[in-house]
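Tertiary structure, described
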Amino acid sequence: SDFTFFYSEIDLTYPERVAFFPGTFDPCSISHKEIVKEIRKLGFEVYLAVDEFSWCKQTLPHILRKNIINMSIADELDTYIFPE
């Protein structure tokens, strides 16, 4: 509130295009990251949704995969993990 009182209103911009990219990401690979980069080049803000569990794939624990993905996309702008 101090900022708006002393300076001006906070101007928030919202993305016009949003992409939802679900998957197990086990393992999270360079190919996944390249797909995200290509989607972003098309003007999308990307949200990665980590699937909870896949019986047929015997995946790593969800939180571990989520942490690995978070580290993998740390250097990418407009790329986020979809909230629970």
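Residues numbered from 1 in each chain as written. Predicted model: local features only at pLDDT ≥ 70, side-chain atom pairs only at ≥ 80, totals over all residues. Heavy atoms only, no water.

1. Regarding the pairing of strand 2 (residues 45–50)
On a regular strand, each side chain points to the face opposite its neighbour's, so the side chains alternate between the two faces of the sheet. In plain terms, the rule: For every residue, the accessible area (1.4 Å probe, protein chains only) is compared with the maximum for its type, and the residue is labelled buried under 20%, exposed over 50%, or partly exposed between those bounds. Helix and strand definitions here come from DSSP, where helices need a minimum of 4 consecutive H or I residues and strands a minimum of 2 consecutive E residues; each element is numbered from the N-terminal end. Pairing between strands requires that DSSP locate at least two bridges from one strand to the other. Assignment of crossover handedness uses the view with strands pointing away from the viewer, where a clockwise path from the first strand over the helix to the second indicates a right-handed crossover.
With 5 of 6 residues buried, strand 2 lies mostly within the body of the structure. Where strand 1 (residues 18–23) and strand 2 come together, 6 bridges link them in parallel fashion. Residue pairing in the sheet places Ala19 in a bridge with Val46 of strand 2. Of the crossover connections in this fold, the one passing from strand 1 over helix 2 (residues 30–41) to the parallel strand 2 is right-handed.

2. What to know about the packing of aromatic side chains
To keep things clear, this is the line we draw: Between rings of Phe, Tyr and Trp, where Trp is taken as its six-membered ring, a pair exists when centres lie within 6.5 Å; planes separated by under 30 degrees are stacked, by over 60 edge-to-face, and by other angles tilted.
Summed over all chains, the structure comprises 6 aromatic pairs. Judged by centre distance (5.1 Å) and plane angle (35°), the rings of Phe3 and Tyr7 are tilted. Tyr7 sits in the exposed class, given a relative accessible area of 64%. The interplanar angle of 35° and the centroid separation of 5.5 Å between the aromatic rings of Tyr47 and Tyr80 together place this pair among those described as tilted. Of this pair, Tyr47 sits in strand 2 while Tyr80 sits in strand 3 (residues 79–81); the two residues are 33 residues apart in sequence, bridging distant segments of the chain. By the ring-pair criterion, three or more aromatic residues cluster together here, those being Phe20, Tyr47, Tyr80 and Phe82.

3. Concerning the sheet that holds strand 2
By definition, the strands of a sheet pair up through backbone hydrogen bonds, in either a parallel or an antiparallel sense. Quick reminder of the rule: The axes used here are C-alpha line fits, helices contributing only the stretch in contact, and every angle between their N-to-C directions lies in the interval 0 to 180 degrees. Should any heavy atoms of two residues lie within 4.5 Å, those residues are counted as being in contact.
In spatial order, the strands read 1-2-3; together these 3 strands make up an open sheet with parallel pairing. Strands with a single pairing partner mark the edges of an open sheet, and in this sheet they are strand 1 and strand 3. Between one strand axis and the next, the sheet turns through 25° on average, direction left out of account. Across the sheet, helix 3 (residues 62–72) touches strand 2 and strand 3, and the angle it forms with strand 2 is around 155°.

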